[in-house]
Amino acid sequence: MKAKIGIKDENAASVAEILNKMLADEHVLYLKTRNAHWNVEGPDFHAMHIFFEEQYTELALMIDAIAERIRTIGQYAVATMTDYLKMSDLKEYERGTNTSHAYITALLRDHESIIVGMRNNISPIEEELNDAGTSDFVNGMMQKHETMAWMLRAHLAK
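Residues numbered from 1 in each chain as written. Predicted model: local features only at pLDDT ≥ 70, side-chain atom pairs only at ≥ 80, totals over all residues. Heavy atoms only, no water.

**Some points on the overall build of the protein**
Helices and strands together make up the secondary structure of the protein, namely five helices and zero strands. Counting helices and strands in the order they occur from the N terminus, the protein gives α-α-α-α-α. The C-alpha radius of gyration of the protein comes to 17 Å, within 12% of the 15 Å expected for a compact globule of 158 residues. Its C-alpha atoms put the protein at 55 × 30 × 20 Å along the principal axes. Buried residues in the protein amount to 42% of all 158 residues. The contacts in the protein between residues at least 6 apart in sequence include a share of 81% that link residues at least 24 apart. A total of about 8800 Å² of accessible surface is found on the protein, and carbon and sulfur atoms cover 53% of it. (Helix = DSSP H or I, 4+ residues; strand = E, 2+ residues; numbered from the N terminus. Rg over C-alpha atoms; globule rule 2.2 N^0.38 Å. Buried < 20%, exposed > 50% of the residue type's maximum accessible area, 1.4 Å probe, protein only. Contact = heavy atoms within 4.5 Å. Areas by Shrake-Rupley, 256 points an atom, 1.4 Å probe, with all protein chains shown as cover.)

As structure tokens, this is what we get:
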């Protein structure tokens, strides 16, 4: 059944396009964070193994929330790795050193990229596409990434 929630069909499709791009970025970041969890090495292994697990668990919840928001506005969520890799601005992790510093640096860069993208979409979603609900939703997702980025950044402080 079609969603009749006060958003024009063409606007809902445009919002879903933005959200599906977010969904793609989240999946790539999730896998990169899982990689860090599985493969980190060094004297801080145990603490970082737990830290990365906390981060990917939060990302999994965010992924589900984004997909459900897409369905809430009557659209369909993209759900293939092929599509995610095409749509995402993030690149898969390139094998390098397995230190926590290397993983944290790469993950922080991706979180910050996602934050900028979300920040740039908040106003257009509300003002141009007339979807205050999704604008608020994206703002909440951005705040979660800001917190996660802060946690990563704190590990790099000297």
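Text resumes after the structure shown.
**Description of helix α2 (residues 45-72)**
Compared with an ideal rise of 1.5 Å per residue, which puts 28 residues at 40 Å, α2 spans 40 Å between its outermost C-alpha atoms and is within 8% of the ideal. By the burial criterion, the buried members of α2 are Met48, Phe51, Phe52, Gln55, Tyr56, Leu59, Met62, Ile63, Ile66, Ala67, Arg69 and Ile70. Each element contacted by the buried residues of α2 is listed here: α1 (9-39), α4 (100-127) and α5 (132-156). Just beyond α2, the residue with positive phi is Gly74, at close to 85 degrees. (Expected span 1.5 Å × (residues − 1).)

**Observations concerning the nonpolar core**
Leu19, Phe52, Ile66 and Val138 are the most contacted members of the largest nonpolar core, which totals 45 residues. Elements with a contribution of two residues or more to this core: α1, α2, α4 and α5. Residue contributions to this core peak at 12 residues, all from α1. Ignoring any residue separated from it by four or fewer positions in sequence, one finds Phe52 in contact with Thr33, Ala36, His37, Val40, Ser100, Tyr103, Ile104 and Leu107. (Core = buried A, V, L, I, M, F, W, Y, C linked by side-chain atoms within 4.5 Å.)

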